[in-house]
Amino acid sequence: MAHKQEEEDKVRLDKWLWAARFYKTRALAKAAIESGKVHHRGERCKPGKEPRVGDEYQIRAGFDERTVVVQALSIVRRGAPEAQTLYTETEASIAKREAAAAQRKAGALGVSTDGKPTKKQRRDLFKFHGSSHE
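Since the model is a prediction, treat every value here as computed from it, not as a measurement.

Asks: What am I meant to see in the overall build of the protein here?
Replies: Looking only at helices and strands, the protein features 6 helices and 5 strands. Overall, the protein shows an N-to-C arrangement of helices and strands of α-α-α-β-β-β-β-α-β-α-α. Burial statistics for the protein: of 134 residues in total, 25% are counted as buried. Partitioning the contacts of the protein with sequence separation of at least 6, the portion at a separation of at least 24 is 40%. Counting every atom, the protein has about 9,300 Å² of accessible surface; 52% of that belongs to carbon and sulfur.

Here it is, written out as structure tokens:
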């Protein structure tokens, strides 16, 4: 049993992200880490990094960006209720994520079109995206 506990203490970050159900596969978790979507203390991580209880990670998956604190380590992927016990999301992160979701739902890009955009709407889109195509 002590050997099993030792293994639980040494878990790779990509395995933990997969077990905590942030990504569907370990390969996706590894690719996300390598492409800079996972940060610890403001710095990019490596897939082999060993997370510790109490560490705080910024994780981007799709539109969502979460800041989570590691509560437990696991190398086994279980059901979602069990996976949620492996981490806690910070209050600021929850508020920020909910606000972003509400903006997306409301279509808060500020430009609404009924089909092809008008000349003014197109200029606004280019200005919004920071592009110089006019």
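Asks: Can you help me understand the pattern of salt bridges in this one?
Replies: A side chain with one charge may pair with a side chain of the opposite charge, provided their charged atoms come close. Tallied over the full model, the rule gives 9 salt bridges. One salt-bridge network, in which partners are shared between bridges, spans Arg12, Asp14 and Arg26.

Asks: What should I look at first to understand the sheet that holds strand S1 (residues 38-40) in this one?
Replies: Strand pairs in the sheet, formed through backbone hydrogen bonds, run parallel or antiparallel to each other. Here 5 strands make up an open sheet; going across it, the order is S2-S1-S3-S4-S5 and the pairing antiparallel. The open sheet has two free edges, formed respectively by strand S2 (43-44) and strand S5 (87-89), since each of these has just one partner strand. Two strands pair when backbone bridges link them, and strand S4 (residues 64-70) and S5 are joined in this way by 3 bridges, in the antiparallel orientation. Among the inter-strand pairings, Val70 is bridged to a residue of S5, identified as Tyr87. Docked against the sheet, helix H5 (residues 91-106) engages S4 and S5, running at close to 165° with respect to S4.

Asks: Is there a simple way to think about H5 in this case?
Replies: Because each turn of an α-helix spans 3.6 residues, side chains separated by three or four positions end up pointing in the same direction. Taking 1.5 Å per residue, 16 residues should reach 22 Å; H5 reaches 23 Å between its end C-alpha atoms and fits that length. Two residues or fewer after H5 comes Gly107, characterised by a positive phi angle close to 70°.

Asks: What exactly am I supposed to notice about the environment of Arg26 here?
Replies: Of note, Arg26 is situated in helix H3 (residues 26-34). Spatially, the C-alpha atoms of Arg26 and Trp16 are 8.9 Å apart, while their sequence positions differ by 10 residues. When neighbours within four sequence positions are excluded, Arg26 is seen to be in contact with Arg12, Asp14, Lys15 and Trp18.

Asks: Looking at this model, I keep getting lost on the environment of Tyr23. Mind explaining?
Replies: One can find Tyr23 in the loop between helix H2 (13-19) and H3. Residue classification places Tyr23 among the buried residues on the basis of a relative accessible area of 10%. Put simply, Tyr23 and Ala61 are 38 residues apart on the chain and 7.7 Å apart in space, counted from C-alpha to C-alpha. Those residues in contact with Tyr23 that sit more than four places away from it in its chain are Leu17, Trp18, Leu28, Ala29, Ala32, Lys37, Val38, Ile59, Arg60, Ala61 and Arg77.

The rules behind the values
- Residues numbered from 1 in each chain as written.
- Predicted model: local features only at pLDDT ≥ 70, side-chain atom pairs only at ≥ 80, totals over all residues.
- Heavy atoms only, no water.
- Helix = DSSP H or I, 4+ residues; strand = E, 2+ residues; numbered from the N terminus.
- Buried < 20%, exposed > 50% of the residue type's maximum accessible area, 1.4 Å probe, protein only.
- Contact = heavy atoms within 4.5 Å.
- Areas by Shrake-Rupley, 256 points an atom, 1.4 Å probe, with all protein chains shown as cover.
- Salt bridge = Lys/Arg side-chain N within 4 Å of Asp/Glu carboxyl O.
- Pairing = 2+ DSSP bridges.
- Axes fitted to C-alpha atoms, helices over the stretch in contact; angles between N-to-C directions.
- Expected span 1.5 Å × (residues − 1).

Fair warning: the whole summary comes from geometry, so function is off the table for now.
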